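# Structure at a glance
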Amino acid sequence: MKRKYRAVLGLILAGGVCLSGCSKPGGEASAAQKLGGSFTTEMTMQMEDWTAAGTLSRLGDGAWSVAFAEPSTLAGVVLDFSGGEVTASYKGLGFSVPQSAMPAKSVLSQMILVMDELAQQEEITGKEKDGGVAVEGESEGNPYTLTLTESGDLAGFSLENFDAELTFTQFQAGADVATEITTME
């Protein structure tokens, strides 16, 4: 009798552990909220046969900056996004550029809208994907997927209608990031 009791108890405990610790790929998952503050991350953007690389920085609500390092035709160009407007500068020379003038700016604008919206949420939830969290939705009629690590670091962003894929590495969040970016300009 004791043996049967232990066997049944063992099965119940094993089932409880699996239910609490096992997750199916594609199931509900959540990521730490790091999008609400300032951060900086290295970015690679691929659109069809075009690739660009640089640094993406969130300075605060609605205030973003993208400094391109590659390709050589964009190296040194900085796009500042603030209040729905985009300003471009190169070696201190600034000029106003419409957001829709270049597909890359449109993709970045869409991504910024999505991230600013997610930054307002207390918790970021989505589907479990490769050990991270994939947040799917639509922004201005464009299907997107924003991917975060479980710890809340940006990992990727794709915008289906633009055939665009962004990859993020070296994510750094915190109050010192905004100060560091401001002093570099």
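The present account deals with the structure reproduced in this document. (Residues numbered from 1 in each chain as written. Predicted model: local features only at pLDDT ≥ 70, side-chain atom pairs only at ≥ 80, totals over all residues. Heavy atoms only, no water.)

Glancing now at the overall build of the protein. Across its full length, the protein holds 3 helices and 12 strands. Counting across all 185 residues of the protein, residues that qualify as buried make up 38%. A total accessible area of about 10,900 Å² is found for the protein, and carbon and sulfur atoms account for 53% of it. (Helix = DSSP H or I, 4+ residues; strand = E, 2+ residues; numbered from the N terminus. Buried < 20%, exposed > 50% of the residue type's maximum accessible area, 1.4 Å probe, protein only. Areas by Shrake-Rupley, 256 points an atom, 1.4 Å probe, with all protein chains shown as cover.)

Applying the stated criterion to the full structure yields 3 aromatic pairs. Taking 4.9 Å as the distance between ring centres and 35° as the angle between the ring planes, the aromatic pair formed by Phe39 and Phe171 counts as tilted. One end of the pair, Phe39, is in strand S2 (residues 39–47); the other, Phe171, is in strand S12 (residues 164–173), and 132 residues separate them in sequence. For the pair formed by Phe39 and Phe171, the shared burial category is buried. Residues Tyr144 and Phe157 carry aromatic rings whose centres are separated by 6.0 Å and whose planes lie at 20° to one another, so their mutual orientation is stacked. Separated by 13 residues along the polypeptide, Tyr144 in strand S10 (residues 142–149) and Phe157 in strand S11 (residues 154–159) bring together distant segments of the chain. By the burial criterion, Tyr144 is buried, and Phe157 matches it. Here a set of aromatic residues connected by ring pairs shows up, and it is made of Phe39, Trp64 and Phe171. (Phe/Tyr/Trp six-rings, centres within 6.5 Å; stacked < 30°, edge-to-face > 60°.)

Looking now at the nonpolar core. Judged by nonpolar contacts, the single largest core of 40 residues is most densely connected at Leu35, Leu108 and Leu154. Sorting elements by how many residues they give to this core places helix H2 (residues 103–119) first, with 9 residues. (Core = buried A, V, L, I, M, F, W, Y, C linked by side-chain atoms within 4.5 Å.)

The next thing to look at is a negative patch on the surface. A surface patch of negative charge is lined by Glu48, Asp49, Asp163 and Glu165. Tracing the sequence through the fold places Asp163 in the loop between S11 and S12. Here Asp163 falls in the partly exposed class, since its relative accessible area comes to 48%. (Patch = residues over 30% accessible without salt bridge, like charges linked within 9 Å, V, L, I, M, F, W, Y side chains within 5 Å. Salt bridge = Lys/Arg side-chain N within 4 Å of Asp/Glu carboxyl O. Lys, Arg positive; Asp, Glu negative; His and termini not counted. Charge placed at Lys NZ, Arg CZ, Asp CG, Glu CD.)

Our next topic: the pairing of strand S9 (residues 132–139). One ladder, built from 3 bridges, connects strand S8 (residues 124–129) with S9; its direction is antiparallel. What sits directly across from Glu128, in S9, is Val133. In this structure, the hairpin formed by S8 and S9 is closed by a connection of 2 residues, where Asp130 is found at a positive phi of approximately 50°. In textbook terms, the turn of a hairpin is the stretch between consecutive antiparallel strands, and for S9 and S10 this stretch comprises 2 residues, one of which, Glu140, has a positive phi near 50°. (Pairing = 2+ DSSP bridges.)

Next up on the list: the pattern of salt bridges. Scanning the model with the defined rule gives 4 salt bridges in all. A salt bridge links Lys34 to Asp153; the shortest N-O distance between them is 2.7 Å. Of this pair, Lys34 sits in the loop between strand S1 (28–31) and S2 while Asp153 sits in the loop between S10 and S11; the two residues are 119 residues apart in sequence, bridging distant segments of the chain. Classification of Lys34 by relative accessible area gives partly exposed; the value is 29%. Of the charged contacts, one joins Lys127 and Glu136 as a salt bridge, the two residues approaching to 3.5 Å between their closest N and O atoms. On the basis of relative accessible area, Lys127 is assigned to the partly exposed category, the value being 43%. Each of Arg58, Asp61 and Asp116 takes part in one network of salt bridges that share partners.

Two faces belong to every sheet, and in a regular strand the side chains alternate between them. Pairing of strand S5 (residues 77–82) with strand S6 (residues 85–90), which is carried by 6 bridges, proceeds in the antiparallel orientation. Each bridged residue has a counterpart across the sheet, and for Val77 the counterpart in S6 is Tyr90. In textbook terms, the turn of a hairpin is the stretch between consecutive antiparallel strands, and for S5 and S6 this stretch comprises 2 residues, one of which, Gly83, has a positive phi near 60°.

Let's shift gears to the environment of Thr145. Within the secondary structure, Thr145 sits in strand S10. When the C-alpha positions of Thr145 and Phe157 are compared, they lie 5.6 Å apart, and in sequence the two are 12 residues distant. Setting aside anything within four residues of it in sequence, one finds Thr145 in contact with Ala134, Val135, Glu136, Gly156, Phe157 and Ser158. (Contact = heavy atoms within 4.5 Å.)

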